Amino acid sequence: ADGVEYMWQGGGEFWEGTAPNLFPIVGRLNDQTYTIGGEKYTLGCHGFGWVSEFDLVENTENSAIFELKASEEIKKLRFNKRHCKSRIQGRKRRR
């Protein structure tokens, strides 16, 4: 709202996508699988955070905290917590 860009908005010059919240992994898993308690689960590249909608829960001059509430789909992946929080902190970038 103050005209300052806090996060990169994407652009074809460098990369077509945007991924401000890569969660719970960055990159790929071997065979896109992980095991918890002897049970195998599948998780795609960069997890699910980059395609999820986070709610803004705190905003200060230098940081923002976003929250991802665990959907039933996320809980099936054994991420059973009610929510995940992500903090973004840094300097302002003037346009």
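What counts, and where the lines are drawn
Residue positions are given per chain, counting from 1 as you read along its sequence in written order. Given that the model is predicted, a residue must reach a pLDDT of at least 70 before its local features are reported, and side-chain atom pairs must reach 80 or more before they are shown or counted; all residues, however, enter totals for whole chains, interfaces and linings. With hydrogens and water excluded, all non-hydrogen atoms of the structure serve as input to the side-chain values. Paired rings are identified among Phe, Tyr and Trp, the last through its six-membered ring, by centres lying within 6.5 Å, and are further divided according to the angle between planes into stacked (under 30 degrees), edge-to-face (over 60) and tilted (the rest). A run of H or I in DSSP becomes a helix once it reaches four residues, and a run of E becomes a strand once it reaches two; helices and strands are each numbered from the N terminus. Residue exposure (1.4 Å probe, protein chains only): buried if accessible area is under 20% of the type maximum, exposed if over 50%, otherwise partly exposed. Strands are treated as partners if at least two bridges between them are detected by DSSP. Note on definitions: salt bridges are taken to be side-chain nitrogens of Lys or Arg within 4 Å of carboxyl oxygens of Asp or Glu.

A.B. asks: What am I meant to see in the packing of aromatic side chains here?
C.D. replies: Two aromatic rings, taken as a pair, are described by how far apart their centres are and by the angle between their planes. Taken as a whole, this structure holds two aromatic pairs when the rule is applied. Between Phe23 and Phe48, the aromatic rings sit 5.8 Å apart at their centres with planes inclined by 75 degrees, giving edge-to-face as the arrangement. Pair noted here: Phe23 is in the segment before strand E1 (33-36) and Phe48 is in the loop between strand E2 (39-42) and strand E3 (55-59), with a separation of 25 residues, a long-range link. The exposure class assigned to Phe23 is partly exposed, which follows from its relative accessible area of 28%. Considering the side-chain rings of Tyr34 and Tyr41, the 5.4 Å spacing of their centres and the 20 degrees angle between planes classify their relative orientation as stacked. Assessed through its relative accessible area of 15%, Tyr34 is described here as buried. Owing to a relative accessible area of 10%, Tyr41 belongs among the buried residues under this scheme.

A.B. asks: Would you take a moment to explain the pairing of E3 for this structure?
C.D. replies: Along any regular strand the residues' side chains alternate between the sheet's two faces. The pairing of E3 with strand E4 (residues 63-69) spans four bridges and is antiparallel. Pairing of Glu58 across the sheet is with Ile65, part of E4. Here E3 folds back onto E4, and the loop between the two strands holds three residues.

A.B. asks: What's the story with the pattern of salt bridges in this structure? I'm lost.
C.D. replies: Side chains that carry opposite charge are capable of pairing whenever their charged atoms lie near each other. Tallying each qualifying case throughout the model produces three salt bridges. Notably, a salt bridge pairs Lys69 with Asp55, separated by 3.4 Å at the nearest N-O pair. One end of the pair, Lys69, is in strand E4; the other, Asp55, is in strand E3, with 14 residues separating them in the sequence. The class for Lys69 is partly exposed, based on a relative accessible area of 44%. Where Glu72 meets Lys75, a salt bridge forms, and the shortest distance between an N and an O atom there is 3.6 Å. With Glu72 and Lys75 both in helix H1 (residues 72-76) and three residues apart, the pair spans about one turn of that helix.

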